[in-house]
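This is what each chain is made of:
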Amino acid sequence: MAAKEILTRRPVAATIKLTVPAAAARPAPPVGPALGQYRLNLMAFCKDFNARTQKYKPDTPMAVTITAFKDNTFEFTVKSPSITWYLKKAAGIESGSGRPGHVTASTLSLKHVYEIAKVKQNDHYLQNMSLEAITKSIIGTANSMGIQIVRDLD
Amino acid sequence: MMKAWHFLKHLNCTPAAASLSLHLLRSSSFSLSRYSPSLFFLSVHTTASDHWPARGQVKNGHANFSTASSSLAVHSMASPVPVPANYVSVLVRCHKDNSDMLAEALLSFGASSVTMNEDDVCSDTDEICVSSIFLEGEDINMSISHAADSIGLKEIPRYEVKIIEEDDWMKGAQESFHPVEVTEGLWVVPKWITPPDIQAMNIILNPGLAFGTGDHPTTKLCLLLLHDCIKGGEHILDYGTGTGILAIAALKFGAAFAVGVDIDSQAIASASENATLNNIGPDKLQLHLIASQTSSSCRDDWPSRVVEGENAFEIDRVTHKDKYDVVIANILLNPLLNLADQIIFSAKPGAIIGLSGILSEQVQNILQKYSLFLEGIDVSKMDDWACVSGRKRKNIDIC
C-alpha cells in the first residue's frame, strides 16, 4: 500500500464479508442487514455489485468484502468462488476424494480446466498470471482433491 | 449457505408465493395511493420470483410476517412492501488473533455474512466480537462448532444470539438518502426532508427498497438526458423504473404520459407512492409489474428460478400503447442485451433511446448490439458509469 494511501485513508468502521450471487444482489437478507446496520447505501451497492458481476454466470456465489468507513461511505472487492468450488461443480461432486492420489473422486477434461481458468482470470488478484500458469494451478488443486484431469473425456 | 439459496429459489417458484405477493401488492397499494389502485396496476403477469424476497413459511397463502400489519400503514420511512425475513444475528467472541480466520470459517459453515467492527466494544480483553448473520434453518451451534474446529480452536467460542428488527436495517439503509441537486434548478428530495430550494423543480421520493434517488451516476446521466431531450407532449417508457424517478422527472419536464415497468414488486410499490407524492395521477403515469426474462445461459443445475417472459412484445400488450417517443432503460448490461428487441420495438422511428446501468467498460458490448438500430449515438459518462443514447433508425423492420 502506498504511503499516500495510508495517510489519506478514511477511518474504517467495520469490515463485512459475505457471499452474494453474481448479478443478484438485493436489498434483502443477508445484504440488507449487513450493510444497513452501518447506514451504507444499500441500493448503490446492489447496483454496483450487479453491474460488476455481469460477466459471471448468474448465481455464481461471489465472495464480497466490504470496508465500511465511519462517514457511511464504503468500498468493496469481489472474488469469484474458489477453484475448489468450480472443480466440484464441474465434476458434479459434493466433496473431493478422501484419499487423493489413491482414490479418484471424479474426472475432468482439459477443456473444463481451461474454462475455469478463463473465469478466474477475471479475478483482480490473478490478473497478472498467464492463463497457462492459472491452468497449472488448477490442475494442481484438482489432483489434491482426487480429481483426475485428462485430455479428453469420451 | 448454498443450501439456503437453493431453498429460497425453490420456494419462490411455488404458486403460493406468487399469489401471496399479488395479495400484498394490492393491499399495500390501498393505503398508499389516493387514486384507485387498480388503475396503477393494470396487470400483474407473473411475479418475478427471484426478486420477491419472500422467505419463511408460506402456508395457505399467508406468510409469517412479524410486522405484517404495521407495514401496511404508511410509514414515513419504511418500505411499503413488507420484506419477510427470518434471520438472527450471532455475536461470537474470540481472540483477536483468530478473528479473521474464524470469520472466514463461519462463512464456510453456514453464516450468510460476518462483520468485524474496527472499534470493538468488547475489547477490554484481547477478545473481539465477530458479528454474523445466519438465515433461518441453519443450526447455529453446529455451524460455530464446525467453524471453530476447522481453524483448530480447542473449544466452541462463546456466542450470543440477537434478533434483528427488520426496521433497523431498512431505516439505516434509507438514511443514506439526502437531497441531491442533479442540475441547476432540479432537486431530488426525500419525503421526510424539506426541499432546500422551494423554487426549484423538486422530485419528492420515498424510495423504500427500490433504486433511484438521484444520487447514483446512472440516475443522474439519465435525468440529464431526459432534461435535454424532452420538449413537451412526449410519451415515455421507463424500463426498470425502480422508484419511478425517471418517469416522474420526464412528466415534470413536460412529457404527456409515462409508463414505468419493473420486474420487482418493491419497485412498483415505491413508484406508486412516489407518483402520489408528486401529484401525478394514473392518467399521466401507469406502472406495470412484468415477468423477468431468463437468458438461456443461466439454465443449468440451479433450480429454475424465474418464469420465462411470454413474448417479445409484452410491453405493447400490457400497456395498450402503440409506441413511445422516449424509451429510457437504466438497468444492467445483460438485461439490456437480452431485451434489445423489446426496447427497440417499443420505440417510434426517430424516438430517443437511452440505456444506462452500465460501466464504461461495458459500452462496447452495448454498441455492438444497438448500433444496428440507433443513429446519432452519444455516450455520456460519470465516474465509472456510462449512458448510451441515440435515435431509433427510421427504416427498421422488426418482425
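Residues numbered from 1 in each chain as written. Chains lettered and ligands numbered in written order. Predicted model: local features only at pLDDT ≥ 70, side-chain atom pairs only at ≥ 80, totals over all residues. Heavy atoms only, no water.

S.K.: Could you give an account of the UniProt feature "domain: Large ribosomal subunit protein uL11 N-terminal" (unreviewed entry) in chain A, with specific residues and numbers?
M.R.: According to UniProt, the "domain: Large ribosomal subunit protein uL11 N-terminal" (unreviewed entry) feature falls on residues 16-74 of chain A. Here residues 16-74 of chain A is 29% helix and 27% strand, with 10 Å between the C-alpha atoms at its ends. (UniProt positions renumbered as here; feature names shortened; annotations may be inferred. Helix = DSSP H or I, 4+ residues; strand = E, 2+ residues; numbered from the N terminus.)

S.K.: Any details on the sheet that holds strand β8 (residues 180-183) of chain B? Residues and values, ideally.
M.R.: All names here are of chain B. Taken together, 3 strands build an open sheet; the order of strands is β8-β9-β10 and the sheet is mixed. The sheet terminates laterally at β8 and β10 (201-205), the two strands that pair on one side only. Averaged over all neighbouring strand pairs, the angle between strand axes comes to 25°, with direction disregarded. Bridge count for strand β9 (residues 186-190) against β10 is 5 bridges, and the pairing is parallel. Its bridge partner being in β10, V189 is matched across the sheet by I204. (Pairing = 2+ DSSP bridges. Axes fitted to C-alpha atoms, helices over the stretch in contact; angles between N-to-C directions.)

S.K.: Would you mind going over helix α8 (residues 217-229) of chain B in detail, with residue names and values included?
M.R.: For α8(B), with 13 residues, the first-to-last C-alpha span of 18 Å sits near the 18 Å given by 1.5 Å per residue. Buried within α8(B) we find P217(B), T218(B), T219(B), L221(B), C222(B), L223(B), L225(B), L226(B) and C229(B). (Expected span 1.5 Å × (residues − 1). Buried < 20%, exposed > 50% of the residue type's maximum accessible area, 1.4 Å probe, protein only.)

S.K.: Pulling in residues and values, what's your account of the nonpolar core?
M.R.: By size, the foremost hydrophobic cluster in this structure holds 48 residues, and its most contacted members are F45(A), I66(A), L87(A) and I147(A). Dropping the residues within four chain positions of it, I147(A) is found in contact with L87(A), A91(A), I93(A), S106(A), L108(A) and A142(A). Among the nonpolar cores identified, the runner-up in size contains 36 residues, and I245(B), A249(B), F253(B) and A255(B) belong to it. (Core = buried A, V, L, I, M, F, W, Y, C linked by side-chain atoms within 4.5 Å. Contact = heavy atoms within 4.5 Å.)

S.K.: Lay out helix α4 (residues 83-91) of chain A with the relevant residues and their values.
M.R.: Of all the residues in α4(A), the buried ones are I83(A), W85(A), Y86(A), L87(A) and A91(A). G92(A) sits one or two residues past α4(A) and shows a positive phi near 70°.

S.K.: Give me the interface of chain A and chain B: which residues, what numbers.
M.R.: Of the residues lining the interface, 39 residues belong to chain A; the matching set on chain B comes to 53 residues. Three residues stand out in chain A for area buried against chain B, namely K17(A), K47(A) and Q54(A), and they jointly supply 18% of the buried area on that side. Connecting chain A to chain B are 3 salt bridges. For R52(A), the salt bridge goes to D384(B), with nearest N and O atoms at 3.1 Å. Inspection of the region where chain A meets chain B yields 10 residue pairs in polar contact (both at pLDDT 80 or more). When residues of the side of chain A that touches chain B are traced back to their parent elements, those giving at least two are β1 (12-21), α2 (31-36), α3 (42-52) and α4 of chain A. Take the side of chain A that touches chain B: its biggest share by element is 9 residues, from β1(A). (Buried area = accessible area lost by both parts, 1.4 Å probe. Salt bridge = Lys/Arg side-chain N within 4 Å of Asp/Glu carboxyl O. Polar contact = N/O pair within 3.5 Å; in protein donor to acceptor, adjacent residues only side chain to side chain.)

S.K.: Which residues make up the sheet that holds β1(A), and what values go with them?
M.R.: Read across the sheet, 7 strands follow the order β3(A)-β2(A)-β1(A)-β5(B)-β6(B)-β4(B)-β7(B) without closing on themselves; strand pairing throughout is antiparallel. Pairing within the sheet leaves two strands with one partner each, and these edge strands are β3 (74-79) of chain A together with β7 (159-163) of chain B. If you compare each strand with its neighbour and ignore which way they point, the axes differ by 20° on average. Both strand β4 (residues 87-95) of chain B and β7(B) contribute to a ladder of 5 bridges, which runs antiparallel.

S.K.: Tell me what's going on with the packing of α4(A) against helix α5 (residues 110-120) of chain A, and back it up with residues and numbers.
M.R.: Residues and elements named next belong to chain A. Closest axis-to-axis distance for the α4/α5 pair is 11 Å, and the angle between their directions is 145°. In the crossing of α4 with α5, the sense of the turn from one axis to the other is right-handed. Contact with α4, carried on its side by I83, Y86, L87 and A90, involves H112, I116, V119 and K120 of α5 and no other residues of that element. Class assignment for the residues of the contact of α4 with α5 results in 6 nonpolar, 1 polar and 1 charged. (Left-handed = near helix turned anticlockwise from the far one by under 90°. Nonpolar A, V, L, I, M, F, W, Y, C, P; charged D, E, K, R; others polar.)

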